[in-house]
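Structural overview
The chain contents come next:
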Amino acid sequence: MRRHTRRKVRILLLTMAELGEADEAELQRLVAAEQQKAQFTAQVHHFMELCWDKCVEKPGNRLDSRTENCLSSCVDRFIDTTLAITSRFAQIVQKGGQ
């Protein structure tokens, strides 16, 4: 997946030479957004692995209450952290636009 995204980015960058200034800026914005999505997805997968390794001792047909609570807490921490980071980035972007 990551290789496919890089290939798309290279193709897009090659066509940038043919674009006007406004089109180039829009294309750069789209490329940056795609890179952020890919990075976020990679972080989510990494986080899921961490929670799994931390909380699930032995996989089975059902999760016991301890494992459920651990996974729930782990996910809650992830959501809280993500919201805090997103809020901080929004503040930075807002300040940069002023």
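Residues numbered from 1 in each chain as written. Predicted model: local features only at pLDDT ≥ 70, side-chain atom pairs only at ≥ 80, totals over all residues. Heavy atoms only, no water.

The condition is simple: UniProt positions are given in the numbering used here, feature names are shortened, and annotations may be inferred rather than shown by experiment.
The chain carries the name Mitochondrial import inner membrane translocase subunit in an unreviewed UniProt entry, which gives Microcebus murinus as its organism. Taken from UniProt, the Sequence similarities (unreviewed entry) comment for the chain reads in full: "Belongs to the small Tim family." In its Subcellular location (unreviewed entry) section, the UniProt entry covering the chain states "Mitochondrion inner membrane".

Considering the nonpolar core
Where a protein is soluble and globular, its nonpolar side chains tend to be buried together. The cut-off we apply is this: We call a set of buried residues a nonpolar core when its members are Ala, Val, Leu, Ile, Met, Phe, Trp, Tyr or Cys and they connect through side-chain atoms within 4.5 Å of each other. The rule is simple: take the accessible area with a 1.4 Å probe, protein chains only, and divide by the maximum for that residue type; under 20% is buried, over 50% is exposed, in between is partly exposed. Labels follow the DSSP assignment, with helices taken as runs of H or I lasting at least four residues and strands as runs of E lasting at least two, numbered in each case from the N terminus.
Core analysis: the biggest nonpolar cluster contains seven residues, these being F47, C51, C55, V56, C70, L71 and C74. Secondary-structure elements contributing two or more residues to this core are α2 (21–55) and α3 (65–97).

Regarding the layout of surface pockets
Just so we agree on the cut-off: Only protein atoms enter the 1 Å grid, on which a cavity is a set of points fitting a 1.4 Å probe that cannot get out and a pocket is an open set with protein on both sides within 12 Å along at least 5 of 7 lines, lining residues being those with an atom within 4 Å of a point. Grid points are joined across faces, edges and corners, and a volume is the space filled by probe spheres set on the points. Only Asp, Glu, Lys and Arg are considered charged, only Ala, Val, Leu, Ile, Met, Phe, Trp, Tyr, Cys and Pro nonpolar, and every remaining residue, Gly among them, polar.
Of the pockets and cavities examined, the largest pocket occupies roughly 540 Å³. At the level of secondary structure, the elements contributing two or more residues to the lining of the largest pocket comprise α2 and α3. Take the lining of the largest pocket: its biggest share by element is eight residues, from α2. Here the lining of the largest pocket is composed, by residue class, of seven nonpolar, seven polar and one charged.

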